[in-house]
Amino acid sequence: MGEIKFENLRIPILKANELIANKLREKWDKEKTFVMNFISSPGAGKTSLIEKILNYFKEFKIIVLVGDIETERDAERIRKKGFESIQIITGGACHLEAVMIDQVISKLKDRYDFIFIENVGNLVCPSVYNLGENLRFTLLSVPEGDDKPKKYPRAFLTSNAFIITKIDLLPYLPFNVENVKKEAKEINPSLKIFETSALKEIGIEEVSNFIKEERENWIKGI
Amino acid sequence: MHEYSLTLNLIETVEEERIKNNAKKIKKISLKIGKFSGVETILISHSFEILKKEREPFKEAELQIEFEDAEVKCKNCGNIFKPDDFPFICPNCENIYNEIIKGFDIIIEKIEMEI
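These figures come from a predicted structure and were not determined experimentally.

Quick notes on the rules
Residues numbered from 1 in each chain as written. Chains lettered and ligands numbered in written order. Predicted model: local features only at pLDDT ≥ 70, side-chain atom pairs only at ≥ 80, totals over all residues. Heavy atoms only, no water. Salt bridge = Lys/Arg side-chain N within 4 Å of Asp/Glu carboxyl O. Helix = DSSP H or I, 4+ residues; strand = E, 2+ residues; numbered from the N terminus. Buried < 20%, exposed > 50% of the residue type's maximum accessible area, 1.4 Å probe, protein only. Core = buried A, V, L, I, M, F, W, Y, C linked by side-chain atoms within 4.5 Å. Contact = heavy atoms within 4.5 Å. Buried area = accessible area lost by both parts, 1.4 Å probe. Polar contact = N/O pair within 3.5 Å; in protein donor to acceptor, adjacent residues only side chain to side chain. Nonpolar A, V, L, I, M, F, W, Y, C, P; charged D, E, K, R; others polar. Pairing = 2+ DSSP bridges. Phe/Tyr/Trp six-rings, centres within 6.5 Å; stacked < 30°, edge-to-face > 60°.

J.: I tried to follow the pattern of salt bridges on my own but got confused; where do I start?
T.: Note that side chains of opposite charge can pair when their charged atoms are close. Throughout the structure, instances matching the rule amount to 29 salt bridges over all chains. A salt bridge links Arg77(A) to Glu51(A), with the nearest nitrogen and oxygen atoms 2.9 Å apart. Pair noted here: Arg77(A) is in helix α3 (residues 73–80) and Glu51(A) is in helix α2 (residues 46–54), with a separation of 26 residues, a long-range link. Take Glu51(A): its relative accessible area is 17%, and that puts it in the buried class. Residues Glu201(A) and Lys52(A) are paired through a salt bridge, measuring 2.9 Å at the closest nitrogen-oxygen approach. Of the two residues, Glu201(A) sits in the loop between β9 (192–195) and α8 (204–221) while Lys52(A) sits in helix α2, which places them 149 residues apart along the sequence. A residue is classified by how much of its surface remains accessible, and Glu201(A), at 43% relative accessible area, is partly exposed. Residue classification places Lys52(A) among the partly exposed residues on the basis of a relative accessible area of 24%. The structure contains a network of salt bridges with shared partners spanning Lys25(B), Lys27(B), Glu60(B) and Glu114(B).

The structure is reproduced here in structure tokens:
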């Protein structure tokens, strides 16, 4: 019986998640599948935004993966629009991990142009887990308040784009768009910012164009 | 609360190292928790105490946690600095586009095992 000590290891505890995320990334690079991860609190409007964005993606082969603690509700909403959708019921977990995506992806037979991943409604935990995505979006709705970026910096820090949702409610609520944009940019200066309303169809085309442009640039670079 | 999930991830990662080294038991794990990791240290310790009981090689394991300052490298002048808060502006050249080096993750620094 003896002892061994390993020092200066510097192994991230999320190493296992990273390995699976990298494996997914390799598969998607090979298949030219563009993947997005949508993060927000519950009720910020992820499903409503995705529903509207999908109107601009009718010519593409798409699947929407939706994470929730319980129920098939969100996936049903997407299917009603005529798109494929799979509900990932986490059974209590407050975020999606790469292994959950891998389990679903490994069962799919088709190749997709785009995969939309709607994470579990939570502004904290999902930001820690890389799912191998190309683009990460953080959404914040007007009713949630404009003080959120610095309270939940990691979501903003790790995202490519920040989408303010429900801007049709601006006349009724104290929400300073310029302040929230400034605060988000202080955390992540490279954030692309959009102002949207799914209900009034504002800003949806801009987000859709951004996704398509990002995919074009990515394909050129592979 | 993702500390429980993170602790499970920690145990899985350490378990992999144990198997790789043919060790019997884990004696001690030293973690470094970054200033901006967004993690509650006490919840990690608490989750570890519960989870270690479920796995034989971890039953006697001690978890030591240290705090780690953030380190950021300026993409313009290469200066490395320790920010206290956002925005991470380089104190040398005031550049705002910077690369995060340390202090955003939870890192396993040391593992002691019994073979």
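J.: Is there a simple way to think about the nonpolar core in this case?
T.: Residues and elements named next belong to chain A. Formed by 27 residues in total, the largest nonpolar core has its most connected members in Met36, Phe38, Ile53, Phe116, Phe137 and Ile211. With 5 residues, the single largest contributor to this core is α8. Contacts of Phe137, omitting those with residues within four sequence positions, involve Met36, Asn37, Phe38, Ile39, Ser159, Ala161, Ile163, Val207, Phe210 and Ile211.

J.: Please explain the interface of chain B and chain A as it appears in this structure.
T.: Interface size is often expressed as the accessible area that is lost when the parts come together. Between chain B and chain A, the contact holds 35 residues from the first and 31 residues from the second. Interface of chain B and chain A: buried area, both sides summed, is about 3,100 Å²; carbon and sulfur atoms make up 60% of it. Inspection of the region where chain B meets chain A yields 4 salt bridges. Put simply, Lys15(A) and Glu17(B) hold a salt bridge, and the shortest N to O gap is 3.8 Å. Counting across the interface, chain B meets chain A through 15 residue pairs in polar contact (both at pLDDT 80 or more). Broken down by secondary-structure element, the contributors of at least two residues to the side of chain B that touches chain A are α1 (3–20), β1 (25–34), β5 (98–102) and β6 (106–114) of chain B. In terms of residue count, β6(B) provides more of the side of chain B that touches chain A than any other element does, 9 residues in total. A per-class count over the side of chain B that touches chain A returns 18 nonpolar, 6 polar and 11 charged. Note that strand β1 (residues 3–6) of chain A and β6(B) share 4 bridges and pair antiparallel. Each bridged residue has a counterpart across the sheet, and for Glu3(A) the counterpart in β6(B) is Glu114(B).

J.: Would you explain the packing of aromatic side chains in this entry?
T.: Between two aromatic rings, the relevant description is the distance of the centres plus the angle of the planes. A full pass over the atoms with the stated rule returns 16 aromatic pairs over all chains. Ring centres 4.7 Å apart and planes at 15 degrees place the aromatic pair Phe38(A) and Phe137(A) in the stacked group. Of the two residues, Phe38(A) sits in strand β3 (residues 34–39) while Phe137(A) sits in strand β7 (residues 135–141), which places them 99 residues apart along the sequence. Neither residue differs from the other here; Phe38(A) and Phe137(A) are each classed as buried. With centroids separated by 5.1 Å and ring planes inclined at 15 degrees, the aromatic side chains of Phe36(B) and Phe104(B) adopt a geometry described as stacked. Of this pair, Phe36(B) sits in the loop between β1 and α2 (41–51) while Phe104(B) sits in the loop between β5 and β6, placing them 68 residues apart in sequence. For Phe36(B), a relative accessible area of 13% gives the class buried. The class for Phe104(B) is buried, based on a relative accessible area of 6%.

J.: Would you mind showing me how to read α2(A) here?
T.: Three or four residues apart is the spacing at which side chains of an α-helix point the same way, because the helix has 3.6 residues per turn. Along α2(A), 7 of the 9 residues are buried, which leaves the element largely enclosed by surrounding structure. Taken residue by residue, α2(A) has Lys46(A), Thr47(A), Leu49(A), Ile50(A), Glu51(A), Ile53(A) and Leu54(A) as its buried positions.

J.: In this structure, what is going on with the environment of Asp146(A)? I would like to understand it.
T.: All names here are of chain A. Examined against the element boundaries, Asp146 turns out to sit in the loop between β7 and α5 (148–151). Assessed through its relative accessible area of 22%, Asp146 is described here as partly exposed. Each C-alpha atom of the pair Asp146 and Leu170 lies 11 Å from the other, and the pair is 24 residues apart in sequence. Excluding residues within four positions of it along the chain, Asp146 makes contact with Pro174, Phe175, Asn176, Val180 and Glu183. Among the polar contacts made by the side chain of Asp146, one reaches the main-chain amide nitrogen of Asn176 at a distance of 2.7 Å.

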